[in-house]
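Observations on the three-dimensional arrangement
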Amino acid sequence: MSQSKNRILITGSNGLLGQTLTKHFIENQIEFLATANSENKISYCPDNDFRALNIQNKEQVKEVIQEFNPTHIINAAAMTNVDACEDEVERCFGVNATGVKNILEAIENTEIHLIQISTDFIFDGQKKSYSEEDTANPLSNYGKSKWDGEQIIFKSGFEKVTILRTSIVYGVGEKLNKGNIFNWSMQELRKGNQLKIVNDQFRTPTFVEDLVQACQKVINSNSFGVYNIAGGDLKSMFDYIILVAEYLKVDTDLVSAITSKNLNQKAKRPISSGLIIDKAKKGFDYNPTDFMVTLSKIDPEN
Ligand SMILES: NC(=O)C1=CN([C@@H]2O[C@H](COP(=O)(O)OP(=O)(O)OC[C@H]3O[C@@H](n4cnc5c(N)ncnc54)[C@H](OP(=O)(O)O)[C@@H]3O)[C@@H](O)[C@H]2O)C=CC1
Ligand SMILES: Cc1cn([C@H]2C[C@H](O)[C@@H](COP(=O)(O)OP(=O)(O)O[C@H]3O[C@@H](C)C(=O)[C@@H](O)[C@H]3O)O2)c(=O)[nH]c1=O
């Protein structure tokens with residue numbers, strides 16, 4: 001399928017990934033329809049290219065897909081507040097699992113390629129790093145609901161599906177719901193504020209533009225199956241925020257190490273959930289940007 005004939009439907013277009021996908025498709029003149037639960041929050045997305053879509057609404061999902069008739073759907077819609085998912089269980093599973101079911105039912109008997117975005121939080125963190133073949137054992141409702149979403153896909157037997165598992169997605173967006181640790185820490189450290197950062201959560205954070213490039217490469221190469229898409233380095237969040245301080249050339253003593261117990265987050269999180277990205281590197285030439293370079297890209301002073 002040639003790229004110019006592609007018509008991409010984005011769900012969750014108001015989120016960080018959804019916004020960055022929208023920007024990419026506008027810049028590359030690729031036909032798209034941006035959809036989100038609430039009104040269009042993206043200043044540069046024309047209202048003509050946007051439709052409200054709640055993926056929990058089965059009929060609405062069917063109607064929008066039939067009308068737009070996409071070649072690809074990128075499901076970037078999710079309830080991503082991990083702690084809120086512990087309290088709002090119905091919405092969490094409704095969006096993250098039933099939403100996926102609704103999309104799958106709407107594309108039954110079509111040639112539409114679904115790209116589903118999933119998470120490192122399907123793992124329990126007992127291993128340091130995870131490949132696509134490792135066994136899931138989610139610790140939180142958020143992780144369970146995203147794993148349910150994956151299982152609905154596996155059980156459907158659909159072949160034109162790609163699951164991209166990613167971790168701590170960061171970048172620049174407008175009016176975002178989910179706070180972003182790197183943008184936030186950059187802002188706080190510049191003001192000279194002291195930060196307490198966990199030294200017992202090890203992650204492979206993902207620059208959102210790398211994730212968008214991965215989606216485009218999946219589309220170009222017709223890659224199906226499960227792929228990990230993340231940054232290249234597994235470090236504790238403390239070590240990552242020290243790098244932010246070094247980038248800013250501020251005193252690294254502003255960053256103090258705490259443990260997850262002190263942070264007192266409601267949902268249980270994996271200790272180490274590194275994602276091994278060799279399959280995507282080999283499969284479609286995925287190549288994440290160096291972390292320090294990504295900091296200069298998200299820096300509002302650049
Ligand atoms: N952020 C991260 O660190 C990580 C994210 N992921 C996954 O990546 C994907 C994108 O995440 P990200 O962009 O950061 O998430 P955001 O929280 O920034 O955005 C998610 C979007 O989903 C939309 N949404 C929520 N409920 C519904 C619904 N019922 N119907 C339609 N849209 C809905 C929201 O729309 P509105 O604003 O209109 O309410 C929101 O804009 C998600 O699948 C997430 O699980 C995976 C690993 C890490
Ligand atoms: C705000 C804050 C965060 N942190 C740490 C905790 C955590 O490891 C990291 C990011 O914090 P968050 O609360 O945003 O992280 P969290 O909600 O755990 O992020 C997760 O989001 C969902 C959607 C995913 O799918 C996961 O991949 C993961 O990215 O920073 C501190 O150590 N100190 C702080 O003051």
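So, a few notes on the structure that sits alongside this text. (Residues numbered from 1 in each chain as written. Chains lettered and ligands numbered in written order. Predicted model: local features only at pLDDT ≥ 70, side-chain atom pairs only at ≥ 80, totals over all residues. Heavy atoms only, no water.)

Side-chain pairing between opposite charges can occur once the charged atoms of the two side chains come close. Within the structure shown, the criterion is met by 14 salt bridges. In this structure, Arg-7 engages Glu-31 in a salt bridge whose closest nitrogen and oxygen atoms are separated by 2.4 Å. Residue Arg-7 is found in strand S1 (residues 7-11), and its partner Glu-31 is found in strand S2 (residues 31-36); the two are separated by 24 residues along the sequence. According to the relative accessible area criterion, Arg-7 is partly exposed, its value standing at 23%. Notably, a salt bridge pairs Arg-51 with Glu-63, separated by 3.2 Å at the nearest N-O pair. Here Arg-51 is found in strand S3 (residues 50-52), whereas its partner Glu-63 is found in helix H2 (residues 58-68), with 12 residues between them in sequence. (Salt bridge = Lys/Arg side-chain N within 4 Å of Asp/Glu carboxyl O. Helix = DSSP H or I, 4+ residues; strand = E, 2+ residues; numbered from the N terminus. Buried < 20%, exposed > 50% of the residue type's maximum accessible area, 1.4 Å probe, protein only.)

Empty space within the second largest pocket amounts to approximately 320 Å³. For the second largest pocket, the lining is made up of 17 residues, of which Thr-20, Lys-23, Val-172, Val-208 and Glu-209 are closest to its centre. If you list the elements that add at least two residues to the lining of the second largest pocket, you get helix H1 (16-27), helix H7 (208-221) and helix H11 (291-298). If you tally residues by element for the lining of the second largest pocket, the top one is H1, at five residues. (1 Å grid on protein atoms, 1.4 Å probe; cavity = no way out; pocket = protein on both sides within 12 Å on 5 of 7 lines; lining within 4 Å. Points joined across faces, edges and corners; volume = space filled by probe spheres on them.)

Mapped onto the elements of the fold, Gln-201 is located in the loop between strand S9 (195-198) and strand S10 (202-203). When neighbours within four sequence positions are excluded, Gln-201 is seen to be in contact with Lys-235, Ser-236, Met-237, Ser-260, Gln-265, Arg-269, Pro-270 and Ile-271. (Contact = heavy atoms within 4.5 Å.)

The next point concerns the packing of H1 against H7. For the pair H1 and H7, the least separation of the axes is 9 Å and the interaxial angle reads 60 degrees. As summarised for this structure, H1 and H7 are arranged oblique, according to the angle between their axes. In the crossing of H1 with H7, the sense of the turn from one axis to the other is right-handed. Across the interface between the two elements, Leu-16, Leu-17, Thr-20, Leu-21, His-24 and Phe-25 of H1 pack against Val-208, Glu-209, Leu-211, Val-212, Gln-213, Cys-215 and Gln-216 of H7. (Axes fitted to C-alpha atoms, helices over the stretch in contact; angles between N-to-C directions. Parallel < 35°, antiparallel > 145°, perpendicular 65-115°, else oblique. Left-handed = near helix turned anticlockwise from the far one by under 90°.)

What follows deals with the site of ligand 1. Among the 29 residues in the neighbourhood of ligand 1, the closest are listed as Ser-38, Asn-54, Thr-80, Tyr-142 and Lys-146. Asn-177 places a polar side-chain atom, nitrogen or oxygen, 3.2 Å from an oxygen atom of ligand 1. Contributions of two or more residues to the shell around ligand 1 are made by H1, strand S5 (113-119) and helix H5 (141-156). The element contributing the most residues to the shell around ligand 1 is S5, with three residues. Grouping the constituent residues of the shell around ligand 1 by class yields 13 nonpolar, 13 polar and three charged. (Near = heavy atom within 4 Å. Polar contact = N/O pair within 3.5 Å; in protein donor to acceptor, adjacent residues only side chain to side chain. Nonpolar A, V, L, I, M, F, W, Y, C, P; charged D, E, K, R; others polar.)

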